[in-house]
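Notes for the structure review
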Amino acid sequence: MGLVGSLFSFIVFLSCLIAVCGQGTRIGFYSTTCPNAETIVRTTVTSHFGSDPKIAPGLLRMHFHDCFVQGCDGSVLISGPDTEKTAGANFNLRGFEVIDDAKTQLEAACPGVVSCADILALAARDSIALTKGQSWQVPTGRRDGRVSLATNVNNLPSPSDSVDVQRRKFAAFRLNTRDLVALVGGHTIGTAACGFFTNRIFNTSGNSADPTMDQTFVPELQRLCPLNGDASTRVDLDFGSGNTFDTSFFNNLSRGRGILQSDNVLWTNPSTRTIVQEFMASRDNFNAQFARSMVKMSNIGVRTGGNGEIRRVCSAVN
């Protein structure tokens with residue numbers, strides 16, 4: 001390789017120690033330009049969580065939906081006709097007011113410094129900590145995108161996706177099967193509208209349509225989501241423990257109590273079942289993998305340096 005090549009490789013190695021290699025984000029990005037940035041976001045999320053704990057899964061889901069469409073650039077926050085917000089998959093996103101609140105405070109403290117994309121990444125992390133999950137260090141330094149189009153919202157995982165389809169969608173962003181199972185494990189604090197799974201609990205005669213479900217559990221779901229009832233009614237994806245970030249979601253999968261088909265197949269498919277079993281057996285392993293996978297996901301297609309902007313308000317480009 002030679003001295004020059006070796007020196008270059010060493011410089012790249014050092015760069016990867018202080019940043020996510022090839023991405024340009026790093027832990028403590030705002031330590032001098034806005035030292036209270038993370039505290040402001042955490043305090044804001046905590047305040048909103050105190051009055052509405054369901055804001056936690058909302059912020060986590062919003063971050064996921066942002067990153068899977070054009071990368072983690074805050075484009076899901078932009079308002080207007082034909083923006084990502086207006087796409088069917090994003091109709092039920094919530095938590096925009098939390099991001100706007102944090103942005104207002106950050107603009108007062110450090111004008112034009114902290115991106116909306118970073119606020120969203122930090123808020124997702126803080127949501128996990130507030131629901132008794134493990135916190136982690138979030139690399140920051142993202143800049144905000146200027147484009148938000150509903151037509152770009154076409155690769156989000158669907159409630160009916162098989163394991164193979166989910167793998168393909170995650171692999172497109174260099175997320176592997178362990179990342180897939182860990183990130184879907186975020187459903188331990190999520191909810192789903194009845195309309196996304198009534199096809200699993202009712203057949204044409206009004207009985208259970210999916211034999212892989214726990215048949216003693218089906219009547220409870222039928223009570224919460226009656227046939228021809230309100231399809232927008234929401235049910236905890238981690239039934240019995242929907243407000244706590246724990247491993248009971250995986251336990252429910254093993255008992256045939258996965259609400260969504262896309263969750264259920266993580267147990268019925270042998271290739272993902274072994275990972276589910278690992279996370280069931282160790283909350284520490286799940287928390288650690290979830291943190292690693294969140295850092296990987298939060299660096300999908302990030303804009304840094306001169307690419308993108310720092311929005312003055314998160315709902316509109318400058």
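Residues numbered from 1 in each chain as written. Predicted model: local features only at pLDDT ≥ 70, side-chain atom pairs only at ≥ 80, totals over all residues. Heavy atoms only, no water.

**Thoughts on the side chain of Glu-309**
The following threshold applies: For the purposes of this entry, the term helix denotes a DSSP run of H or I that reaches at least four residues, the term strand denotes a run of E that reaches at least two, and both are numbered from the N terminus. Here's how the labels work: a residue is buried when its accessible area is under 20% of the maximum for its type, exposed when over 50%, partly exposed in between, all with a 1.4 Å probe on protein chains only. Contacts described as polar in this section are N or O atom pairs within 3.5 Å, which, within protein, must combine one atom able to donate a hydrogen with one able to accept it, while residues neighboring in sequence count only if both atoms come from side chains.
As for its placement among the helices and strands, Glu-309 is situated in the segment after helix H13 (283-297). Looking at Glu-309, the relative accessible area reads 8%, which means it is buried. Of the polar contacts made by the side chain of Glu-309, one reaches the side chain of Arg-146; its length is 3.2 Å.

**Remarks on the packing of aromatic side chains**
Note the following rule: Think of it this way: a Phe, Tyr or Trp ring, Trp meaning its six-membered ring, pairs with another when their centres are within 6.5 Å, and the plane angle makes it stacked under 30 degrees, edge-to-face over 60, tilted otherwise. Remark: a charge is flagged as sitting over a ring if the NZ atom of Lys or the CZ atom of Arg is within 6 Å of the ring centre and within 35 degrees of the ring normal.
For the structure on display, the rule yields 14 aromatic pairs. By the ring-pair criterion, three or more aromatic residues cluster together here, those being Trp-136, Phe-245, Phe-249, Phe-250, Phe-279, Phe-286 and Phe-290. One Lys or Arg, Lys-85, reaches over the ring of Phe-96 and ends 4.2 Å from the middle of that ring. Across from the ring centre of Trp-267, 5.4 Å away, lies the NZ or CZ of Arg-273, which sits over that ring.

**With respect to the pattern of salt bridges**
Here is the rule: Salt-bridge detection follows one rule: a side-chain nitrogen of Lys or Arg within 4 Å of a carboxyl oxygen of Asp or Glu.
For the structure shown, the criterion picks out 16 salt bridges. Across the pair Lys-54 and Asp-236 runs a salt bridge, and its minimum N-O distance is 2.9 Å. Of the two residues, Lys-54 sits in the loop between helix H2 (37-51) and helix H3 (55-67) while Asp-236 sits in strand S2 (residues 234-236), which places them 182 residues apart along the sequence. Residue Lys-54 is classed as partly exposed on the basis of its relative accessible area, which comes to 26%. Overlapping salt bridges bring together Glu-38, Arg-42, Arg-125 and Asp-126 as one network.

**Examining the environment of Glu-278**
Quick note on the threshold: By the convention used here, residues are in contact when the closest approach between their heavy atoms is within 4.5 Å.
Positionally, Glu-278 belongs in helix H12 (residues 270-281). The spacing of Glu-278 and Phe-250 is 28 residues in sequence and 9.5 Å in space, taken between C-alpha atoms. When residues no more than four places from it in sequence are discounted, the contact partners of Glu-278 are Arg-178 and Asn-285.

**Concerning the packing of H3 against H13**
Selection criterion: Axes, fitted as lines to C-alpha atoms, cover a helix only where it is in contact. Angles between the N-to-C directions of the axes lie from 0 to 180 degrees. These descriptions rest on fixed angle ranges, namely under 35 degrees for roughly parallel, over 145 for roughly antiparallel, 65 to 115 for roughly perpendicular, and the rest for oblique.
At a minimum axis distance of 10 Å, the contact between H3 and H13 shows a crossing angle of 45 degrees. As judged from the angle between their axes, H3 and H13 are oblique. On the side of H3, the interface is formed by Leu-60, His-63, Phe-64 and Cys-67, while H13 contributes Phe-290, Met-294 and Met-297.

**Description of the environment of Thr-212**
Within the fold, Thr-212 resides in the loop between helix H8 (198-201) and helix H9 (218-224). In this structure the C-alpha to C-alpha distance between Thr-212 and Gln-261, which are 49 residues apart in sequence, comes to 9.9 Å. A polar atom in the side chain of Thr-212 sits 2.6 Å from the side chain of Asp-210. A distance of 3.2 Å separates polar atoms of two side chains, one belonging to Thr-212 and the other to Asn-264.

**Examining the UniProt feature "binding site: heme b" (unreviewed entry) in the protein chain**
Definition in use: UniProt positions are given in the numbering used here, feature names are shortened, and annotations may be inferred rather than shown by experiment.
The positions that UniProt labels "binding site: heme b" (unreviewed entry) are, in the present scheme, His-187. Of the residues examined, His-187 reaches a relative accessible area of 23% and is grouped as partly exposed. Those residues in contact with His-187, other than ones at most four positions away along the chain, are Leu-237, Asp-238, Phe-249, Leu-260 and Asp-263.

**Some thoughts on the nonpolar core**
We count it as follows: Here, nonpolar core means buried Ala, Val, Leu, Ile, Met, Phe, Trp, Tyr and Cys residues that are tied together by side-chain atoms lying within 4.5 Å of each other.
Leu-77, Ile-99, Phe-290 and Met-297 are the most contacted members of the largest nonpolar core, which has 68 residues in total. The element that contributes the greatest number of residues to this core is helix H5 (residues 116-130), accounting for eight residues. In contact with Ile-99, not counting residues within four places along its chain, are Leu-59, Met-62, Leu-77, Ile-119, Leu-120, Ala-123 and Cys-314. The next biggest cluster of nonpolar side chains, apart from the first, holds 14 residues, and it includes Cys-194, Met-213, Phe-217 and Leu-237.

**Description of the state of the cysteines**
Disulfides are covalent bonds that link the sulfur atoms of two cysteine residues. Using the following cut-off: Any two cysteine sulfur atoms lying within 2.5 Å of each other are counted as a disulfide.
Evaluation of the coordinates by the stated rule reveals four disulfides. Cys-67 shares a disulfide with Cys-72; S-S distance 2.0 Å. On the sign convention where negative means left-handed, the S-S torsion of about 120 degrees between Cys-67 and Cys-72 marks this disulfide as right-handed. Covalent S-S linkage joins Cys-116 and Cys-314, the inter-sulfur distance amounting to 2.1 Å. Torsion about the S-S bond of the Cys-116 and Cys-314 cystine: about -95 degrees, corresponding to left-handed handedness. Of the two residues, Cys-116 is situated in helix H5 and Cys-314 in the segment after H13; the sequence distance between them amounts to 198 residues. The exposure class of Cys-314 is buried, given its relative accessible area of 2%.

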